[in-house]
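Single-letter residue listing:
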Amino acid sequence: MDKAEKNRLLSGLPSVDEVLKNPDGQGWLSLFQRTIVVQAVREVIASRRKDILEGSATDLSPAGITSDIRNKIASLSSFSLLPLINATGIVIHTNLGRAVLSDKVLSHVSAVSGSYSNLEYDLAAGKRGRRHTHTKRLLTDITGAEDALIVNNNAAAVLLCLSTMARGREVIVSRSELVEIGGSFRVPDVMAAGGAVLREVGTTNKTHLYDYENAINDNTALILKVHQSNYKIVGFAEGVPIEDLVSLSRKHQVPVMYDLGSGCLIDLRPYGIHDEPSVSGIVRSGVDIVTFSGDKLLGGPQGGIIVGQKRYVEKIQKNPLARAVRIDKMAIAAFEATLREYSDIENAKKEIPVLNMLLQTPEEIRARAKKIAAALQKEAGNADFAIFRDASKAGGGSLPEVEFPTYAVSIKPAHISVNELELRLRRSTPPVIARIKDDSLTLDARTIRKKDIDDLVRVVASCLSSE
Ligand SMILES: *Cc1c(COP(=O)(O)O)cnc(C)c1O
């Protein structure tokens with residue numbers, strides 16, 4: 001393309017003002033914020049100008065330009081963080097926001113944060129109060145611990161505890177527990193950040209009580225046990241039961257801390273899950289400090305819970321770092337409302353979405369899968385739908401080897417590829433996140449909530465209907 005031709009095309013482009021004055025422009029201005037409309041028009045015209053100058057192929061028709069501006073406005077005016085439908089069956093999906101909160105919990109969060117609140121004000125005494133009082137009693141009641149504190153997340157809780165209890169001194173950890181949780185939480189790194197000196201004992205597969213005992217010296221500040229969370233060492237493997245570590249710690253007067261990771265508040269044994277300790281069980285065994293996440297098996301907002309002996313929790317609370325990792329009022333409101341549900345375990349299993357989704361019976365899930373498949377059959381053509389038995393995972397590094405029996409809907413599209421369907425679902429409103437399995441698209445009904453079904457069916461039908 002020669003220079004004269006480029007100039008001719010450039011002068012044919014509308015100006016921003018011209019676009020804003022035409023009927024489309026006037027329509028957009030009546031519906032969207034002016035700054036967004038102006039930015040969209042500018043960006044689309046600028047990109048056409050660039051194409052012309054570079055000699056790249058570009059659609060200069062008014063209809064093409066209008067349609068690009070419309071899409072640009074839509075993307076500029078929509079939120080980046082969006083609700084979506086999780087059809088993966090993974091209940092505590094870290095990439096998809098971990099624990100879902102109930103409407104009841106959310107309405108309390110909304111009431112507390114849409115107003116002033118007594119966050120740090122003691123209403124009875126009429127003077128300054130502490131933000132931790134709102135959840136302390138609930139946590140000590142549920143876990144049986146003497147004292148409790150919540151910080152921003154469990155990584156912060158571990159960091160804060162190490163920095164308070166072991167700065168400049170040694171912390172004994174088994175080599176089998178030097179874990180990486182994901183998102184760059186690695187035990188040795190957190191140890192270094194907390195100013196503690198890691199004293200590794202044992203081997204990857206076996207650590208004995210005498211390994212711990214031999215490592216204790218005058219500079220030992222803490223014995224730390226870390227839940228292996230997202231992996232398991234099987235075969236010729238052995239660790240030290242927490243009760244034995246507690247006895248050892250008493251004998252040598254060194255405190256013991258357990259980073260439980262997920263932190264389950266209920267007994268999962270009736271569900272056939274035998275190796276996930278409950279927080280109250282660990283507290284009862286005599287561990288001095290226990291830390292766990294708020295948004296894993298507990299089913300609350302993001303937070304790191306520290307429970308244990310008062311003399312340690314008080315010291316932890318006074319660490320200057322505690323202020324840097326403190327929890328905000330929305331999370332406190334969500335914790336208080338979530339923890340209240342635990343006063344009756346049967347109620348908690350019903351009202352807390354994480355527990356509800358994990359502990360549903362396969363029959364309940366099957367009924368929902370059938371309902372989804374029937375609606376899809378009716379509303380969406382161009383595909384084969386079937387229900388099949390599958391297994392879902394807890395996720396979030398929780399219960400890694402437990403498979404929860406589930407039912408899923410499989411979709412085999414007739415005119416588009418499975419990959420194309422997966423992509424279209426992901427880019428829909430709301431986005432639907434699904435897995436591909438055996439050349440068909442799989443919607444695990446475990447994490448598809450009743451209120452999601454209408455949207456899900458509409459989105460799938462629309463994705464299947466266009467070529
Ligand atoms: C998940 C986990 C953490 C990190 O907790 P966050 O709340 O995500 O910060 C730390 N330790 C263990 C063992 C975990 O499983």
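Definitions and limits used
Residues numbered from 1 in each chain as written. Predicted model: local features only at pLDDT ≥ 70, side-chain atom pairs only at ≥ 80, totals over all residues. Heavy atoms only, no water. Helix = DSSP H or I, 4+ residues; strand = E, 2+ residues; numbered from the N terminus. Contact = heavy atoms within 4.5 Å. Areas by Shrake-Rupley, 256 points an atom, 1.4 Å probe, with all protein chains shown as cover. Lys, Arg positive; Asp, Glu negative; His and termini not counted. Charge placed at Lys NZ, Arg CZ, Asp CG, Glu CD. Pairing = 2+ DSSP bridges. Axes fitted to C-alpha atoms, helices over the stretch in contact; angles between N-to-C directions. UniProt positions renumbered as here; feature names shortened; annotations may be inferred. Buried < 20%, exposed > 50% of the residue type's maximum accessible area, 1.4 Å probe, protein only. Near = heavy atom within 4 Å. Polar contact = N/O pair within 3.5 Å; in protein donor to acceptor, adjacent residues only side chain to side chain. Nonpolar A, V, L, I, M, F, W, Y, C, P; charged D, E, K, R; others polar. Phe/Tyr/Trp six-rings, centres within 6.5 Å; stacked < 30°, edge-to-face > 60°. Lys NZ or Arg CZ within 6 Å of the ring centre and 35° of its normal. Left-handed = near helix turned anticlockwise from the far one by under 90°.

**Here's the deal with the overall build of the chain**
Then, in step 1: Per the secondary structure count, the chain includes 20 helices and 17 strands.
Then, in step 2: Principal-axis analysis of the C-alpha atoms gives the chain an extent of 90 × 50 × 50 Å.
Then, in step 3: Counted over contacts in the chain with a minimum sequence separation of 6, partners at least 24 positions apart contribute 74%.
Then, in step 4: About 23100 Å² of surface is accessible on the chain, with carbon and sulfur atoms providing 50% of the total.
Then, in step 5: Side chains of the chain give 60 positive and 56 negative charges; the mean places of these two sets differ by 4 Å.

**Some remarks on the sheet that holds strand S10 (residues 256-261)**
Then, in step 1: One open sheet holds the 7 strands; their spatial order is S4-S12-S11-S10-S9-S5-S8, and the pairing between them is mixed. Bordering the open sheet on either side are strand S4 (147-151) and strand S8 (197-201), each of which pairs with just one other strand. Neighbouring strand axes in the sheet, compared pairwise and without regard to direction, differ in orientation by 25° on average.
Then, in step 2: Pairing analysis gives 4 bridges linking S10 to strand S11 (residues 289-293), with the strands arranged parallel.

**Quick notes on the UniProt feature "modified residue: N6-(pyridoxal phosphate)lysine" (unreviewed entry) in the chain**
Then, in step 1: Per the UniProt entry, the sites bearing "modified residue: N6-(pyridoxal phosphate)lysine" (unreviewed entry) are Lys296 in this numbering.
Then, in step 2: A residue is classified by how much of its surface remains accessible, and lysine 296, at 4% relative accessible area, is buried.
Then, in step 3: Beyond its immediate stretch of four places on either side in the chain, lysine 296 contacts Ile92, Arg98, Ala99, Ile181, Gly261, Ser262, Val354, Gly396 and Ser398.

**Looking at the site of the ligand**
Then, in step 1: Inspection of the region around the ligand gives Arg98, Asn153, Asn154, Ala155, Ile181, Phe185, His227, Ser229, Asp259, Gly261, Ser293 and Lys296 as its neighbouring residues.
Then, in step 2: In this structure, an oxygen atom belonging to the ligand sits 2.9 Å away from a main-chain N or O atom of alanine 155.
Then, in step 3: Between a nitrogen atom of the ligand and a side-chain N or O atom of aspartate 259, the distance comes to 2.7 Å.
Then, in step 4: Among the secondary structure elements, those contributing two or more residues to the shell around the ligand are helix H8 (154-166) and S10.
Then, in step 5: Grouping the amino acids of the shell around the ligand by side-chain chemistry returns 3 nonpolar, 6 polar and 3 charged.

**Some thoughts on the packing of aromatic side chains**
Think of a pair of aromatic rings as described by two things: how far the centres are apart, and how the planes are tilted against each other in angle.
Then, in step 1: Taken as a whole and judged by the stated rule, the model has 0 aromatic pairs.
Then, in step 2: In this arrangement the basic side chain of lysine 206 is found over the ring face of phenylalanine 236, its NZ or CZ atom lying 3.8 Å from the centre.
Then, in step 3: Of note, arginine 366 hangs over the ring of tyrosine 407, and the distance from its end group to the ring centre comes to 5.6 Å.

**A word on the environment of threonine 447**
Then, in step 1: Turning to its location among the elements, threonine 447 is positioned in the loop between strand S17 (440-444) and helix H20 (453-465).
Then, in step 2: It is 5.9 Å that separates the C-alpha atoms of threonine 447 and asparagine 86, two residues lying 361 residues apart in sequence.
Then, in step 3: Those residues in contact with threonine 447, other than ones at most four positions away along the chain, are Asn86, Ala87, Thr88, Gly89, Ile90, Val91, Met357 and Asp452.
Then, in step 4: Of note is the side chain of threonine 447, whose polar atom sits 2.9 Å from the backbone nitrogen of glycine 89.

**Side note on the UniProt feature "domain: L-seryl-tRNA selenium transferase N-terminal" (unreviewed entry) in the chain**
Then, in step 1: With numbering aligned to this structure, UniProt lists the feature "domain: L-seryl-tRNA selenium transferase N-terminal" (unreviewed entry) at residues 10-49.
Then, in step 2: Overall, residues 10-49 shows 85% helix and 0% strand. The separation of its end C-alpha atoms is 6 Å.

**Considering the packing of helix H7 (residues 133-143) against helix H15 (residues 329-341)**
Then, in step 1: In the contact formed by H7 and H15, the axes pass within 9 Å of each other and the chain directions differ by 30°. Along this stretch, H7 crosses H15, giving a crossing that reads as left-handed. The segment H7 lies against H15, with His134, Thr135, Leu138, Leu139 and Ile142 engaging Ile332, Phe335, Glu336, Leu339 and Arg340.
Then, in step 2: Considering only residue class, the contact of H7 with H15 consists of 6 nonpolar, 2 polar and 2 charged.

**Points about the environment of arginine 311**
Then, in step 1: Mapped onto the secondary structure, arginine 311 falls in helix H13 (residues 310-318).
Then, in step 2: Judged by relative accessible area, which is 54%, arginine 311 ranks as exposed.
Then, in step 3: Note: C-alpha distance between arginine 311 and lysine 3 (308 residues apart in sequence) is 80 Å.
Then, in step 4: Within the structure, the side chain of arginine 311 is placed 3.1 Å from the side chain of glutamine 309, a separation counted as a polar contact.

**Section: the pairing of strand S12 (residues 304-308)**
Along any regular strand the residues' side chains alternate between the sheet's two faces.
Then, in step 1: For S12, the tally of buried residues reaches 5 of 5 residues, placing the bulk of the element in the interior.
Then, in step 2: Both faces of S12 are covered, namely the face carrying Gly304, Ile306 and Gly308 and the face carrying Ile305 and Val307.
Then, in step 3: Of the pairings in the sheet, the one linking S4 to S12 comprises 5 bridges and is antiparallel in character. Counterpart to isoleucine 150 in the pairing with S12 is isoleucine 305.
Then, in step 4: Sheet topology places S11 next to S12; 5 bridges connect them, and they run antiparallel.

**What about the pairing of S4?**
Then, in step 1: Judged by how many residues are buried, S4 sits mostly within the fold: 5 of 5 residues are covered.
Then, in step 2: Neither face of S4 is open: one carries Asp147, Leu149 and Val151, the other Ala148 and Ile150, and all of them are buried.

**Some details on unusual backbone geometry**
Then, in step 1: Of note, the amide linkage connecting threonine 429 to proline 430 takes the cis form, showing an omega dihedral of -10°.
Then, in step 2: Residue placement: proline 430 occurs in the loop between helix H19 (418-426) and strand S15 (432-433).
Then, in step 3: For glutamine 253, which is not glycine, the phi torsion reads 55° and is therefore positive.
Then, in step 4: Positionally, glutamine 253 belongs in the loop between helix H11 (242-252) and S10.
Then, in step 5: With phi around 65°, aspartate 439 is a residue other than glycine that occupies positive phi space.
Then, in step 6: In this structure, aspartate 439 sits in the loop between strand S16 (435-437) and S17.

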